[in-house]
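So you can see what is in the structure, the chains are spelled out below.
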Amino acid sequence: MMRTCHCWSFLFWTCMLHVVHVTPSPQRTNKYAQNRRMLGLSQDDGETLHRTKRGWMWNQFFLLEEYTGPDTQYVGKLHTDQDKGDGNLKYILTGDGAGSLFVIDENTGDIHAAKKLDREEKSLYVLRAKAIDRKTGRQVEPESEFIIKIHDINDNEPKFTKDMYTATVPEMSGVGTSVIQVTAKDADDSNYGNSAKVVYSILQGQPYFSVDPETGIIKTALPDMSRENREQYQVVIQAKDMGGQMGGLSGTTMVNITLTDVNDNPPRFPQSTYQFSSPESAPLGTPLGRIKANDLDVGENAEIEYSISNGDGSDMFDIITDKNTQEGIVTIKKQLDFENKMLYSLRVEATNTHPDPRFFHLGPFKDTALVKVSVEDIDEPPVFSRSSYLIEVDEDAKEGTIIGQVVAQDPDATKNAIKYSVDRHTDLDRIFNIHSGNGSVFISKPLDREETPWHNITVIATEINNPKQSSQIPVFIRILDINDHAPEFAKYYETFVCENAKAGQLIQTVSAMDKDEPPRGHKFFFELVPEFAVYPNFSVVDNKDNTAGIMTRRNGYSRSKMSTYLLPVVIFDNDYPIQSSTGTLTIRVCACDSRGNMQSCNAEALLLSAGLSTGALIAILLCIIILLVLVVLFAALKRQRKKEPLIISKDDVRDNIVTYNDEGGGEEDTQAFDIGTLRNPEAREESKMRRDVIPETIFQIRRTAPLWENIDVQEFIHRRLKENDLDPTAPPYDSLATYAYEGNDSVANSLSSLESLTMDGNQDYDYLSDWGPRFKKLADMYGGDDSD
């Protein structure tokens, strides 16, 4: 049977606890009292102690975290009754941290903590112990568990969930208005003492804000805080453990609090009166200026609406609100006139668009200002008495007739004189004109309503003293109709009558048209000309609806006797003066079937009546073809003319350029051209034929005296020119004469290779070295014994 050596263990454990922790907590004292009961110790006034026999006596061991002593921290001792102290038993420890955090003396059973422990990492450890006989290797006691619990110390300060908080609260809020709640957490054991009991306090931000010490809710501490005075606040909150007592650990956080705006400020104009000016010619909608009422609020609380409340210019001006700048823009609503009124006064009102009823007691949320607008006089263009003119004139009005008048005047006080004119871009034909002094419009050319019923011209009025000031007005001229056109058939009618027609049969219905437009509408009358009043073949029946019917008056018509009938019809209108015209209907006689449908008309009959057979027509066509062939042959013969000679007579003085496209074969071609001629002027003296005339009219060329040698080139050319000018046999037109003469030999002799074939192959070029640096290159090329 095993027992626990309780006396020494109890005394040692008690001493260790008192060394480590001088003031144990009540909870810890209770556990030791419980230990005594579990160990079964008893004492009667110093008499002998009695032990209760049992196998293992296990205890719940306790250790302090963060132990910093010089030695390892002693946990406790394991012992069994079977241990005789001879070293036959071996104690083995397994479980959480066995061998690393906790080590056991296998001979004595003493347990030590090998490392510093942290309760926040692990608060308790479960281990198992057993005793083994070293000789047999068997357990002398069954394995059993025990717990090592880590006691907490205040080694963690409170930490806020955020490093910085941001909050907002409306301005003008009452005292105690909640702003935000901050939270701090302590990693120490909340069930053991006050190490994890956190208390909140405010270090910065008083007297504007306060904090609840238990909940961490920040509240307003001052009434009617104004955003316009101060908008941002920085509040520092502290969280301290140990219930806020001295020695407790603490942590802080920053809270940025912003006061949000409310509409507690009315708009106010910075000045009571504003002055603007505008020229009287400014167009409608022209902005005259801007005014602005200041509002200390922001956002929609600062939105302002401007309006004109009263004033003598409320109907002449308008004001609109610029939503971007919150300014009022004064604009022109009606046209200004300096001569009518020079100064206007307006009462402008600025009102908040989003007032807050909670702050109506602070006063009316609107303000007014006086706006004065002065009108500036300018030189205005003439003004017509009407916006447009309509003139009506008969189309038979004579040239020079006055048909109307336009009137304009200078609106300025000076009343400058005005002259009138017609914009010719609107009257290109110059049909109308205007009197420059009084604006009377008259006719310059005849009118024709049927050609142009309307004329739209533009009249310009210009100040005489200032031509830049002008205005124009449209004048619409309507040409009134006069019955000057006779009615006529509405179209060309192709009328036919059947050979088997009966008397009284309708063969055609005709209508009329008139270019005139009488005010009561057209009314036409139809009848036969008086000479055909009693026409034996056809009659005209007026239908009284501006149409007439052509009727037959006898039975049967014959194409062989008469293939076409001409029927003259007189058409009258009913306007004044009455106009009439005579239209002739051509009525053809056609063959028809029994139903009256036309089958063939008078084309074949015309041929038969003319007596032209098919053979006659063919003969006519052949004659026409023969005539055409003769004309073509005559034209071809006219083109076969003999070409005339180049020069017909001596009187032909036309300029001629004769080109001889002769090209030599090079210096080796001695047959095509003799180069020696260039060197010998006397070769020119040979008698040669002129190549610019035909052989039949060859002019005799006068032989000239030979030139001596070594003559100068210029002198040679002058002599040849003089000879040609004095030659009576020269042609009377310009001729190009070329004198290819090189002149005298140079001192250095010729360097040309033209005569190289006739000279010896080996030449001495050493003299080139004596000619100076300009011929050094040639001397190097040709001089010397080894030169090529």
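Everything that follows concerns the structure shown earlier in this document.
Everything quoted here is computed from the prediction, not taken from an experiment.

S.K.: Let's hear about the overall build of the protein: which residues, and what values?
M.R.: Looking only at helices and strands, one finds 7 helices and 41 strands in the protein. In the protein, which comprises 788 residues, the proportion classed as buried is 33%. Restricting the contact set of the protein to residue pairs at least 6 apart, pairs at least 24 apart contribute 66%.

S.K.: Now, about the nonpolar core: what can you tell me, with residues and values included?
M.R.: Grouped together as the largest cluster of nonpolar side chains are 24 residues, with contacts concentrated most on Tyr-420, Val-475 and Ile-477. Formed by 23 residues, the second largest nonpolar core is a distinct cluster that contains Ala-293, Met-316, Leu-346 and Val-375.

S.K.: Outline the environment of Gln-73, supporting the account with residue identities and numerical values.
M.R.: Relative to the assigned elements, Gln-73 resides in strand E2 (residues 73–77). It is 8.3 Å that separates the C-alpha atoms of Gln-73 and Lys-115, two residues lying 42 residues apart in sequence. The residues touching Gln-73, leaving out its near neighbours within four places in the chain, are Leu-63, Leu-64, Tyr-67, His-112 and Ala-113.

S.K.: Just give me the short version of a nonpolar patch on the surface, but keep the residues and values in it.
M.R.: A grouping of Ile-618, Leu-622, Ile-625, Ile-626, Leu-627, Val-629, Leu-630 and Leu-633 is seen on the molecular surface, where their side chains present a nonpolar patch of about 780 Å² in accessible area. Within the fold, Leu-627 resides in helix H4 (residues 614–639).

S.K.: Lay out the sheet that holds strand E5 (residues 110–113) in plain terms, naming residues and giving numbers.
M.R.: Strand order across the open sheet formed by 3 strands is E2-E5-E4, with antiparallel pairing between neighbours. Among the strands making up the open sheet, the edge pair consists of E2 and strand E4 (102–104). In this sheet, adjacent strand axes meet at a mean angle of 25 degrees when their direction is disregarded. Pairing of E2 with E5, which is carried by 4 bridges, proceeds in the antiparallel orientation. Bridge pairing links Tyr-74 to His-112 in E5.

S.K.: Go over the side chain of Ser-440, please, and point to the residues and values.
M.R.: By the element assignment, Ser-440 lies in strand E30 (residues 440–443). Once residues lying within four places of it in the same chain are set aside, the contact partners of Ser-440 are Ile-402, Gly-404, Gln-405, Asn-433, Ile-434 and His-435.

S.K.: Could you give an account of the sheet that holds strand E29 (residues 432–434), naming the residues involved and the relevant values?
M.R.: Spatially, the 3 strands line up as an open sheet ordered E26-E30-E29, and their pairing is antiparallel. This sheet does not close on itself; its edge strands, each paired only once, are strand E26 (402–405) and E29. Between one strand and the next, the sheet's axes are offset by a mean angle of 25 degrees, whatever the strand orientation. Taken together, the 3 bridges between E29 and E30 define a ladder with antiparallel strand orientation. Bridge pairing in E30 links Phe-432 to Ile-443.

S.K.: I'd love a proper account of the pairing of strand E9 (residues 164–170), names of residues and values included.
M.R.: Looking along a regular strand, one sees side chains alternate from face to face of the sheet. Residues of E9 alternate between two faces, with Tyr-165, Ala-167 and Val-169 buried on one and Met-164, Thr-166, Thr-168 and Pro-170 left unburied on the opposite face. Note: E9 against strand E16 (residues 250–260), 7 bridges, orientation parallel. Of the residues in E16, the one forming a bridge with Pro-170 is Thr-260.

S.K.: So what's going on with unusual backbone geometry? Residues and values would help.
M.R.: For the peptide bond that leads from Gln-206 to Pro-207, omega is 5 degrees, which places it in the cis range. Looking at the secondary structure, you find Pro-207 in the loop between strand E12 (199–204) and strand E13 (209–211). Of the consecutive residues Tyr-576 and Pro-577, the connecting peptide bond is found in the cis state with omega at -10 degrees. In this model, Lys-415 sits at a positive phi of 55 degrees, which is unusual for a non-glycine residue. As for its placement among the helices and strands, Lys-415 is situated in the loop between strand E27 (408–409) and strand E28 (418–422). In this model, Lys-544 sits at a positive phi of 65 degrees, which is unusual for a non-glycine residue.

S.K.: Can you lay out the packing of aromatic side chains for me, pointing to particular residues and giving the numbers?
M.R.: The final tally for this structure, using the stated rule, is 12 aromatic pairs. Where Phe-209 meets Tyr-233, the ring centres are 5.5 Å apart and the plane angle is 75 degrees; that geometry is what we call edge-to-face. Of this pair, Phe-209 sits in strand E13 while Tyr-233 is found in strand E15 (residues 232–240), placing the two residues 24 residues apart along the sequence. Phe-209 sits in the buried class, given a relative accessible area of 1%. Here Phe-269 and Tyr-274 contribute two aromatic rings whose centre-to-centre distance is 6.2 Å and whose plane-to-plane angle is 70 degrees, an arrangement assigned as edge-to-face. The pair Phe-269 / Tyr-274 is uniform in exposure class, with both members buried. Site record: aromatic cluster; members linked through ring pairs are Tyr-208, Phe-209 and Tyr-233. Between Lys-341 and the ring centre of Tyr-344, over which it is positioned, the NZ or CZ distance is 5.5 Å.

Conventions and cut-offs
- Residues numbered from 1 in each chain as written.
- Predicted model: local features only at pLDDT ≥ 70, side-chain atom pairs only at ≥ 80, totals over all residues.
- Heavy atoms only, no water.
- Helix = DSSP H or I, 4+ residues; strand = E, 2+ residues; numbered from the N terminus.
- Buried < 20%, exposed > 50% of the residue type's maximum accessible area, 1.4 Å probe, protein only.
- Contact = heavy atoms within 4.5 Å.
- Core = buried A, V, L, I, M, F, W, Y, C linked by side-chain atoms within 4.5 Å.
- Patch = residues over 30% accessible without salt bridge, like charges linked within 9 Å, V, L, I, M, F, W, Y side chains within 5 Å.
- Areas by Shrake-Rupley, 256 points an atom, 1.4 Å probe, with all protein chains shown as cover.
- Salt bridge = Lys/Arg side-chain N within 4 Å of Asp/Glu carboxyl O.
- Pairing = 2+ DSSP bridges.
- Axes fitted to C-alpha atoms, helices over the stretch in contact; angles between N-to-C directions.
- Phe/Tyr/Trp six-rings, centres within 6.5 Å; stacked < 30°, edge-to-face > 60°.
- Lys NZ or Arg CZ within 6 Å of the ring centre and 35° of its normal.

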